[in-house]
Amino acid sequence: MTSEPTRAGAVVDLRSDTVTRPTAAMREAMMAAELGDDVFGDDPTVNALQDALAEALGFEAALFMASGTQSNLCGLMSHCQRGDEYIVGQMAHTYRWEGGGAAVLGSIQPQPLNHAPDGSLPLADIEANIKPDDAHFARTRLLTLENTIGGKVLPMDYLADASALAKRRGLARHLDGARLFNAAVAIDANDPYAAARRICSHFDSVSVCFSKGLGAPVGSVLCGSRAFIAQAHRWRKMVGGGLRQSGVLAAAAHHALTHHVRRLADDHALARRLAEGLAGLPGVTVEAPQTNIVFVDVAPTLGAGLLDHLKQRGVLATGLYRLRFVTHLDVDAEGVDRAIAAIREHCLRTGA
């Protein structure tokens, strides 16, 4: 599946893959959804999504959530009690970008670690930060990883080794898989569902977001054992996540699961196109993308006015001296080329 052509004068929005809009086919699926009351557990469309994702990823059960933040929060609070600790990356969403919810609402202490260049948490650092069973320390209970992390795919060998370490030390394992299927497509574009299942085999729970590259308007799904999901269901209620006729949203996610996974390869190709188009510009350093996120470092003389210049040319991005561009189903080759042209214009005119 390809994106719709970029219209002349239309904004090329590269701020995030969260800006995607439902396709016409997705809207039809939403309108046709059979509905019930999900708080009573009888919305058939929600149940179908939960069952489909749990089966696809190799889990016993799953639970539809309003957002990835809510899904991760309920996951962390289901694994940990007050006074427990989770090991997490400094740049992981569950630590840095989700409002401190685990600490504020769950009384769970984060133990953040620095990432290796490939986005992983070094195994020696994980082991060194597992606290002894002593009243002076929070109880280390959980290892939390994120895949992709900053657009990088955690290597399968690393996932196996980190999982083995966690199990040996008695820790549960949670994956923030907001872009799980981007990682899966990068590993095996021919069978990303099988790749996603292999990734998930190393974790006790996984949160999957549908409102990023998969293109649904709302929703994430938390997967785990039946007992774990029963506990997460209780937490979801407590944090206000019980929805009623939520099948209209689950239908969009189910459509994305069926139709939008393999097309993520198109986004990855566009990210490479963008990176290659910017390579060699004076004052610009481009990080080669592994999936759909491109980081671009620019000299201070370029960065100050670059975002304003791009906006004037109908291109949106985020950052200042380190810019982030994210490709998605509402961006096509023409839009990427417009972004390249606008960036080159500014850099060549301003100079490094």
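In what follows, the structure referred to is the one given above.
Only a predicted model underlies this, so the values are computations on that prediction, with no experimental measurement involved.

Cut-offs applied
Chains are numbered independently. Their residues run from 1 in the order of the written sequence. Reporting in this predicted model follows two pLDDT cut-offs: at least 70 for local features of residues, and 80 or more for side-chain atom pairs to be given and counted; totals over whole chains, interfaces and linings ignore these cut-offs and use all residues. The side-chain values count all of the structure's non-hydrogen atoms but skip hydrogen atoms and water molecules. Runs of H or I in DSSP of at least four residues are treated as helices and runs of E of at least two as strands, each being numbered from the N terminus. Residue burial is assigned from relative accessible area. The probe radius is 1.4 Å, only protein chains are included, and a residue is buried under 20% of its type maximum, exposed over 50%, and partly exposed in between. Pairs of residues are marked as contacts when any of their non-hydrogen atoms sit within 4.5 Å. Here the Shrake-Rupley method, with its probe set to 1.4 Å, supplies the accessible areas, and only the displayed protein chains count as covering residues. Charge counting follows a simple rule: Lys and Arg are positive, Asp and Glu are negative, and His as well as the terminal groups are ignored. Lysine's charge is taken at NZ, arginine's at CZ, aspartate's at CG and glutamate's at CD. DSSP bridges decide pairing: two strands pair if at least two such bridges lie between them. Put simply, the grid is 1 Å and covers the protein atoms alone, a cavity is a trapped set of points that fit a 1.4 Å probe, a pocket is an open set with protein on both sides within 12 Å along at least five of seven lines, and lining residues have an atom within 4 Å of a point. Grid points are joined across faces, edges and corners, and a volume is the space filled by probe spheres set on the points. When residues are grouped by polarity, Ala, Val, Leu, Ile, Met, Phe, Trp, Tyr, Cys and Pro land in nonpolar, Asp, Glu, Lys and Arg in charged, and all others, Gly among them, in polar.

**Q** Residues and numbers for the overall build of the protein, please.
**A** Summing up its helical and strand segments, the protein has 14 helices and 13 strands in all. Oriented by its inertia axes, the alpha-carbon framework of the protein measures out at about 60 × 50 × 35 Å. Taking all 352 residues of the protein together, 53% fall into the buried category. Considering only intrachain contacts with a sequence separation of at least 6, the fraction spanning at least 24 residues in the protein is 74%. Surface exposure of the protein reaches about 14,900 Å², of which carbon and sulfur atoms provide 52%. Computed over 34 positive and 38 negative side-chain charges, the separation of the two mean positions in the protein equals 4 Å.

**Q** Mind laying out the environment of D161, listing which residues take part and the relevant values?
**A** Examined against the element boundaries, D161 turns out to sit in helix α7 (residues 156-168). D161 sits in the partly exposed class, given a relative accessible area of 44%. Between the C-alpha atoms of D161 and L123, which are 38 residues apart in sequence, the distance is 7.9 Å.

**Q** Can you tell me about the pairing of strand β5 (residues 139-146), naming the residues and giving the values?
**A** β5 sits mainly inside the fold: six of its eight residues count as buried. The pairing of strand β3 (residues 84-89) with β5 spans four bridges and is classified as parallel. For I87, the partnering residue across the bridge sits in β5 and is L143. As defined by bridge partners, β5 adjoins strand β6 (residues 172-177) across five bridges and the pair is classed as parallel.

**Q** Explain the layout of surface pockets residue by residue, including any values.
**A** Put simply, the largest pocket is a space of about 530 Å³. As for the largest pocket, its lining consists of 21 residues, of which M91, I149, G150, F295 and R322 are closest to the centre. Elements supplying a minimum of two residues to the lining of the largest pocket: α4 (93-97), β10 (293-298), β12 (318-319) and β13 (322-326). Grouping the amino acids of the lining of the largest pocket by side-chain chemistry returns seven nonpolar, eight polar and six charged.

**Q** Tell me about the pairing of β13, and name the residues and values.
**A** Inspection of the sheet shows β10 paired to β13 by five bridges, in the antiparallel sense. Note on β13: the bridge partner recorded for V294 is F325. Here β12 pairs with β13 via two bridges, running antiparallel. Looking across to β13, one finds that T318 is bridged to R324. Between the antiparallel neighbours β12 and β13 lie two residues.

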